[in-house]
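Chain and residue survey
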Amino acid sequence: MLALTAIAFAGGLNVAHAQTKVAAKSVLRIGYQKYGTLTVLKGSASLEKRLAPLGVEVKWTEFPAGPQLLEGLNVGSVDFGTTGEAPPIFAQAAGADLLYVGNEPAAPAGEAIVVPKGSALKSVADLKGKKIVLNKGSNVHYLLVKLLEKAGLAYKDVEVVFLAPADARAAFERGSVDAWAIWDPFLAAAEKQLGARVLADGKGAVSNHQFYLASRSYAQKHPEIISVILDEIAKTGDWSAKNIKATAAILSVQVGLEPTIVELSVGRFSYGVKPLSEAVIQEQQSIADTFADLKLIPKRINVREAVWLPSGAKTSVLK
């Protein structure tokens, strides 16, 4: 299990002591998606049990993808959530006042570009001039950029269609697009239910980190709650890594997919929440710079400005 002192980021918080500071009858609003440790945590209800004695109620809201979740964070409808690599960059560039509070290890096999089972396309290079559907500003947006680059193609060499996962799947099934850039468990569902074939996944191209984010105002006002959440995520992740089938069973109920589909995606997850390291910050900055160069975000950003340093911490979060 990840030590609580590590979760508290540089030892600035003592969660057991800080719990006495939480105001009664407060509400923690969490945004989640159909994947990852946070959704397993929702299914276990352990966070509710941990926070109930403190008078904190947990309210969960599902979002179809990271960009929509971070829009919810920006407008104040949620306080905490999880996304892939690209959404926080688009959000920060749009002025969202968010903070990265942790990340999971790389999981490059958890996202891919897929084609219909009968497609004649055999490699990413074959995508030149083709239509590729994806959720704008999501982790797979960067995946597409890097896989095209690796294949000797430019972003402008393909026609990108922006749709949320449910609509993207419908377009993929209709045959109105040639390929779909998507993440788990939607990826696993496409493979198992549609016979979709993976053209290329993220291995050797991207890290595909999962990030935990909070609104700056909430993190600054309730650093002790952020630390409790991360501690529970750490415990859940440790358990999940050792109990893949049981994790798939919990997620199956949460996401509405068959256990065999979810088990495929769970096996491609990564576990072990940590504070952002210098290497991870630099990776995020590289993604941000790439999107700025492609004019996909309106301005250049400094990712480091959005990395959480808890109130009272005497040292940097960097390790």
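Structure's up top.
Moving on, we come to helix H14 (residues 278-293). An ideal rise of 1.5 Å per residue puts 22 Å on 16 residues; H14 measures up with 22 Å between its terminal C-alpha atoms. Taken together, the buried residues of H14 touch helix H6 (86-93), strand E4 (98-103), helix H7 (139-150) and strand E10 (211-215). Looking one or two residues beyond H14, the residue adopting positive phi is lysine 295, at roughly 60 degrees.

Next up on the list: the nonpolar core. The biggest cluster of nonpolar side chains holds 79 residues, and the ones touching the most others in it are Ile89, Leu98, Tyr100, Ile113, Leu127, Trp180 and Phe291. Residue contributions to this core peak at seven residues, all from H7. Excluding residues that lie within four positions of it along the chain, leucine 127 makes contacts with Ile113, Leu121, Ile132, Asp157, Val158, Ala179 and Leu199. Of all hydrophobic cores here, the second largest spans 27 residues; its members include Leu38, Phe80, Tyr212 and Ile226.

This part covers the pattern of salt bridges. Tallying each qualifying case throughout the model produces 17 salt bridges. Residue arginine 169 pairs with glutamate 173 through a salt bridge whose shortest N-O separation is 3.1 Å. With arginine 169 and glutamate 173 both in helix H8 (residues 165-174), this residue pair falls four residues apart, about one helical turn. What makes arginine 169 partly exposed here is its relative accessible area of 22%. A salt bridge links lysine 235 to glutamate 232, with the shortest nitrogen-to-oxygen separation between them at 3.5 Å. Remark: glutamate 232 and lysine 235 occur in helix H11 (residues 223-242); sequence separation between them is three residues, near one turn of the helix.

Analysis parameters
- Residues numbered from 1 in each chain as written.
- Predicted model: local features only at pLDDT ≥ 70, side-chain atom pairs only at ≥ 80, totals over all residues.
- Heavy atoms only, no water.
- Helix = DSSP H or I, 4+ residues; strand = E, 2+ residues; numbered from the N terminus.
- Expected span 1.5 Å × (residues − 1).
- Contact = heavy atoms within 4.5 Å.
- Core = buried A, V, L, I, M, F, W, Y, C linked by side-chain atoms within 4.5 Å.
- Buried < 20%, exposed > 50% of the residue type's maximum accessible area, 1.4 Å probe, protein only.
- Salt bridge = Lys/Arg side-chain N within 4 Å of Asp/Glu carboxyl O.

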